[in-house]
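Commentary on secondary and tertiary structure
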Amino acid sequence: MSLIIIAIVTLTRSCNVGACPQKRLCNKLFPKVAQPLLYSSRNNKNNKIGRSPMSIAIETPVQTPTTQLAAWVESLGERLAQRDLDGTLNLFSEECYWRDLLLFSWNLVTLEGKPAIRDMLEKRLDMTQPEQWKLEGEATLNDGLLEGWISVQTKTARGKGYVRLKDGLCWTLLTTMRELKGHEEPTCRRRPLGASHGHGHDDKRNWLERRRDEDASFGITTQPYCLIVGGGQGGLGLAARLKRMGVPTLIVDKAERPGDQWRGRYKSLCLHDPVWYDHMPYLPFPDHWPVFTPKDQIGDWLEMYTKVMELNYWPRTECVSASFDEQTGTWTVEVQRDGERLTLNPTQLILATGMSGVPNVPAYLGAEVFKGQQHHSSRHPGGDAWSGKRAVVIGANNSAHDICADLVENGAEVTMVQRSSTHIVRSDSLMDLVFGGLYSEDAVESGLTTDKADMLFASIPYKVMPGFHRPVFEAIKERDKDFYDGLSKAGFMLDFGDDDSGLFMKYVRRGSGYYIDVGASELIANGTIKLKSAPGLGVERIEADAVVLSDGSRLPADLIVYATGYGSMNGWAAKLISQYVADKVGRCWGLGSGTTNDPGPYEGELRNMWKPTQQDNLWFHGGNLHQSRHYSLYLALQLKARFEGLDTSVYGRAESHHIR
Ligand SMILES: Cc1cc2nc3c(=O)[nH]c(=O)nc-3n(C[C@H](O)[C@H](O)[C@H](O)COP(=O)(O)OP(=O)(O)OC[C@H]3O[C@@H](n4cnc5c(N)ncnc54)[C@H](O)[C@@H]3O)c2cc1C
């Protein structure tokens, strides 16, 4: 499902801070970057940098947050340059996190604690050779957290990051690769001329003719380096980045037209996430664009995007199988294009087939005798045809709610079947308390770009997120008490996650178990959508005209919708490549948090997403619009580096612990 969200983090800007009980917390995580505070004498007293035995280099008088943080950054650079690991680690607090997106690791990793940081530095410093560490812009100090943007270069790349100090020592550090040296994207002063001025050029084709020739030959007489299976928002954004980086890339999608993933959904659907969160790479929505984009409008935007970003996109092309030749390092991929069987030989295969994986369709006793229609939620076309009919929707998460509301809207009589609790959060509350700080008009007006918002979001290690989210969702519980009471009275089972950390943590841990309320909850509370709910309530059997539940109740039905979720994305690998490769790669998504549906061991990053997997040259891409936008940069850089033959040996490639 979609989802969203921004950490608590974001509250800073959206809270009515005077009144908000989370003010201190929010400020800790996401201070007003543009408003540096003067450094107080109280903070000077507590400044541990000055007392650290290893901090001689930064014992100069410190007057402002900016000079203090700049000194810390400079000191980090010096100690790393001297390969002084003890000295480097003395700049970190006992509880510390270093999240590295490619720059040091050619991987997406979060190093938790000093031993983990030491290990990475021991293994990667010589290869990386970081230099020119600098504080960029002003630092800020709020509630004891000193923080700011940094830049750094390595032998092969330019990077950016964000650092937070507590009592003068590093608590969180983010380092990210932004571009490869010598392979900068052709933007601004590097943009192409476009026209061929003068006469007598060998190639007399204009832009259109060149595009047509490329379309006719690409994938036929010349092979793509990257093949992206799936041209939804994920595949398109990644392809746009690769195009700008000069990596020959082909997208195949079985859909008739780009954007059909959205057009095909039920009539009333709009994006659940607000516009500021949803921009595609390079091409933001114009500033009159609606906050919640209607489904056909996002479909058209994606189609336009495919065209103007000059992507090589084959519609009506289904990938049917793929196998990797370890000897040649290339894939053999069979596709069915407009009914014709073709073989492609890319070097890299990217599955952007939808984060949700293959639909879970339960096999209920008697399903074959049902006389009405039954289908998985992913195949539900909308409620138009069901006026006056009886529908049973099995499941109580996002899709179930949306489908129930749409069926009711179309005059059907609907019963939802809930067997375990669901986290519900009202869209308004999300906008006010969760999104606002990073992705809102306020954020835009305060000068926060989408890229900066994405980086700030990325700078919070997953491990510390629950602690920051809990109080926000406590505040939401209070704010929406009547709403939650109404649902409970109707018998709806609610939760806020295993550790009360709310929506975003549920999303990254298990990708399910929630609903962003855009209206269906009221219909449940007032009984318009009927509810059968009990822990473990299941389907006993299907009869010709009814669903019989495990509590003995019989629900007459003309339509049954199985809103029963999806398997992990490695199910796509099983379907298209082999069960062996799917098992080797293991489950995708989830952090290994040990909470419901996210079994350990703890990994601290999303499994297999946007990073090297246990299968060489196989990648998984997806997520919501925000994730696809931000993480496609890192995936594209990994692919570009391999295309250019750079040394991309991976630090900390995650093992696979779960096959499904
Ligand atoms: C009701 C609802 C509301 C949502 N709201 C939001 C929201 O507000 N924001 C948000 O970010 N997300 C939202 N989502 C989730 C959204 O669907 C996903 O975030 C998004 O579609 C993921 O994009 P993707 O490109 O990874 O996958 P998809 O959009 O699912 O695209 C995958 C593509 O792969 C193609 N494909 C699959 N198998 C093959 C094959 N073998 N050969 C060729 N092509 C293949 C499919 O045709 C499809 O076009 C919502 C979902 C629902 C159901």
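Rules behind the numbers
- Residues numbered from 1 in each chain as written.
- Predicted model: local features only at pLDDT ≥ 70, side-chain atom pairs only at ≥ 80, totals over all residues.
- Pairing = 2+ DSSP bridges.
- Helix = DSSP H or I, 4+ residues; strand = E, 2+ residues; numbered from the N terminus.
- Buried ≥ 20, exposed ≤ 12 C-beta atoms within 10 Å, placed from the backbone.
- Core = buried A, V, L, I, M, F, W, Y, C linked by C-beta atoms within 7 Å.
- Contact = placed C-beta atoms within 7 Å.
- Domains from an automatic or database assignment.
- Nonpolar A, V, L, I, M, F, W, Y, C, P; charged D, E, K, R; others polar.
- Axes fitted to C-alpha atoms, helices over the stretch in contact; angles between N-to-C directions.
- Left-handed = near helix turned anticlockwise from the far one by under 90°.

1. Let's talk about the pairing of strand E10 (residues 317-325)
Consecutive side chains of a regular strand alternate in pointing toward one face of the sheet and then the other. Summarising the sheet, E10 and strand E11 (residues 330-337) pair through eight bridges and their orientation is antiparallel. Residue pairing in the sheet places Phe324 in a bridge with Trp331 of E11. Between E10 and E11, which pair antiparallel and follow one another directly, the connecting turn spans four residues, one of which, Gly329, has a positive phi of 70°.

2. Some thoughts on the environment of Val472
Summarising the element assignment, Val472 is placed in helix H16 (residues 465-479). Residue Val472 is classed as buried on the basis of its C-beta count, with 28 C-beta atoms lying within 10 Å. Placed 135 residues apart in sequence, Val472 and Arg337 show a C-alpha to C-alpha distance of 49 Å.

3. Describing the nonpolar core
Core analysis: the largest hydrophobic core is formed by 173 residues, its most contacted members being Leu227, Ile350, Ala391, Val393, Cys404, Met416 and Tyr634. Per-element tally for this core: the top contributor is helix H22 (residues 625-643), with nine residues. When residues no more than four places from it in sequence are discounted, the contact partners of Ala391 are Trp386, Leu407, Ala412, Val414, Ala557, Asp558, Leu559 and Val561.

4. Points about the domain arrangement of the protein chain
According to the domain assignment, the protein chain contains domain 1 (5-60), domain 2 (65-180), domain 3 (211-357 + 572-584 + 621-643) and domain 4 (367-562). Computed over C-alpha atoms only, the centres of domain 3 and domain 4 are separated by 28 Å. In this complex, domain 3 contributes 14 residues to the contact, which on the side of domain 4 involves 21 residues. The set of elements that each furnish at least two residues to the side of domain 3 that touches domain 4 consists of helix H10 (275-278) and H22. Here the side of domain 3 that touches domain 4 takes three residues from H22, the largest share from any one element. Taken together, the residues of the side of domain 3 that touches domain 4 break down into seven nonpolar, five polar and two charged.

5. Side note on the sheet that holds strand E12 (residues 340-344)
In a beta sheet, neighbouring strands are held together by backbone hydrogen bonds and run either parallel or antiparallel to one another. Strand order in the open sheet formed by three strands is E10-E11-E12, and the pairing between neighbours is antiparallel. Of all the strands in the sheet, just E10 and E12 have a single pairing partner and so form its edges. When the angles between neighbouring strand axes are averaged without regard to direction, this sheet yields 15°. Summarising the sheet, E11 and E12 pair through five bridges and their orientation is antiparallel. Residue Gln336 lies in a different strand from E12, and its bridge partner there is Arg341.

6. Points about the pairing of strand E1 (residues 92-101)
With seven of ten residues buried, E1 is to be regarded as a mostly interior element. As judged from the six bridges shared by E1 and strand E6 (residues 169-180), these two strands associate in the parallel manner. Looking at E6, one finds that Asp100 is bridged to Thr175. Bridging between E1 and strand E2 (residues 108-112) involves five bridges; their strand directions are antiparallel. Bridge pairing in E2 places Trp98 opposite Leu111.

7. Observations concerning the packing of helix H13 (residues 427-435) against H16
The geometry of a pair of packed helices is captured by two quantities: the angle between their axes and the separation between those axes. Between H13 and H16, whose axes approach to 11 Å, the crossing angle comes to 145°. H13 and H16 meet at a crossing whose hand is right-handed. Mapping the contact onto sequence places Ser429, Leu433 and Val434 in H13 and Val472, Ala475, Ile476 and Arg479 in H16. Residue classes in the contact of H13 with H16 are distributed as five nonpolar, one polar and one charged.

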